[in-house]
Amino acid sequence: MTDRLILRRLGPADLDDLAELHGDPAVMRFVDDGEPVPREVVAARTLPEILAEYDRLPEGLGRFALAERETGAFVGWVSLRPADSVGLEEFPGLELGYRLRPTVWGRGYAAEGARALIRRAFEDFNGSGYGHGYDRVAATTMAVNTASRRVMEKAGLRYVRTFFADWPGYIEGAEHGDVVYARSLDELRTA
Ligand SMILES: CC(C)(COP(=O)(O)OP(=O)(O)OC[C@H]1O[C@@H](n2cnc3c(N)ncnc32)[C@H](O)[C@@H]1OP(=O)(O)O)[C@@H](O)C(=O)NCCC(=O)NCCS
C-alpha cells in the first residue's frame, strides 16, 4: 500500500485488464518484440505464468497488480523477480519491471509502486530472511525508453552500462542498445 496505490497479487479475475494492457501497442512499443500480445496468449501463457510464480518464488516477489486506492481501478503491474533478462547475467539479484496503462502515465505511479515493492523486500529480508541471497536490484530497458529509465532512477537505481544484444526482429531505436541500471540493497537502504 502506498499513498495512492494498492499492490496486490494478480488473479484469474484480472484477465480482461491484463489482456487490455498487454494488447496495447503503446504499452508494448519498447517491450519484448515490440508487438501487442493477443488475448489468447495472455490467457494461456502470461497470466498462468504470473500465478505459478507466486508458488515458486518467496512471498513478496513476482508480478503484482497496481490498483488505485481512490477508484479501485487496475492501472498496471510492477514486478520484482530473480533477474533473468538478457544483460543482467552478472547480477544475481532481483529484477525490477513495470507496465502501466497509458491513461495513468506521468502521475508517478510506476515509481511509487516500484519503491513500495523494493521497500517491502527490504523489510522482509530483514524480518523473516526469506529472500536470503539477493543483494541487489537491477533493471534493463531499451536506451530510448526514457520514461522507463526515469522510473529506474526514481526507484533508486543508477545507470551501469549500455549493451548491444542480438535480438530477433527490430524495434525502432534498437540501434541505441539497451541499458542496465542497478543498486545494491545496502545502497538502496541508505539512499
Ligand atoms: C515506463 C512506464 C512504466 C512509466 O510509468 P509512469 O507511471 O508514467 O512513470 P512515472 O510517472 O513514475 O515516471 C515517468 C518519468 O518519465 C518521464 N518521462 C515520460 N516520458 C518521457 C519522455 N518521452 N521523455 C523524457 N521523460 C519522460 C516523466 O516526466 C517522469 O519523470 P519525472 O517524474 O521526473 O517527471 C510507462 O510509461 C509504461 O508502462 N510504459 C510501457 C511499458 C514499458 O515500457 N515498461 C518498461 C519496460 S523496460
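Located above this text is the structure these notes cover.
In this text the structure is predicted, and so the values were computed from the model without any measurement. (Residues numbered from 1 in each chain as written. Predicted model: local features only at pLDDT ≥ 70, side-chain atom pairs only at ≥ 80, totals over all residues. Heavy atoms only, no water.)

### A look at the site of the ligand
Part 1: Taken together, the neighbourhood of the ligand is formed by 21 residues, with L100, G106, G108, R150 and K154 sitting nearest.
Part 2: The separation between an oxygen atom of the ligand and a polar main-chain atom of A110 is 3.1 Å.
Part 3: Look at the ligand: alone it shows 960 Å² of surface, and the protein chains cover 69% of it.
Part 4: Broken down by element, the residue count for the shell around the ligand peaks at 6 residues, all from helix α5 (residues 146-154).
Part 5: The residue inventory of the shell around the ligand, partitioned by class, reads 10 nonpolar, 7 polar and 4 charged. (Near = heavy atom within 4 Å. Polar contact = N/O pair within 3.5 Å; in protein donor to acceptor, adjacent residues only side chain to side chain. Areas by Shrake-Rupley, 256 points an atom, 1.4 Å probe, with all protein chains shown as cover. Helix = DSSP H or I, 4+ residues; strand = E, 2+ residues; numbered from the N terminus. Nonpolar A, V, L, I, M, F, W, Y, C, P; charged D, E, K, R; others polar.)

### Observations concerning the sheet that holds strand β5 (residues 136-142)
Part 1: Here we have 7 strands laid out as an open sheet, ordered β1-β2-β3-β4-β5-β7-β6, and mixed in their pairing. What marks the edges here is a single partner per strand, and that holds for β1 (5-9) and β6 (158-163). Taking each pair of neighbouring strands and ignoring which way they run, the sheet shows an average axis angle of 30°.
Part 2: Pairing of strand β3 (residues 74-82) with strand β4 (residues 94-100), which is carried by 7 bridges, proceeds in the antiparallel orientation. Bridging from a neighbouring strand, G76 pairs with L100 of β4. (Pairing = 2+ DSSP bridges. Axes fitted to C-alpha atoms, helices over the stretch in contact; angles between N-to-C directions.)

### Comments concerning the side chain of H22
Part 1: For H22, the position within the fold is in helix α1 (residues 15-22).
Part 2: The buried category is assigned to H22, whose relative accessible area is 3%.
Part 3: Among the polar contacts made by the side chain of H22, one reaches the side chain of R99 at a distance of 3.4 Å. (Buried < 20%, exposed > 50% of the residue type's maximum accessible area, 1.4 Å probe, protein only.)

### Structural notes on α5
Part 1: Within α5 the residues assigned to the buried category are S148, V151 and M152. The arc that holds the buried residues of α5, viewed along the axis, is 100°, so those residues lie on one side. Facing away from the buried surface of α5 by more than 90 degrees, the exposed residues are T146 and A147.
Part 2: Positioned one or two residues after α5, G156 has a phi angle of 105°, which is positive. (Arc of directions from axis to C-beta.)

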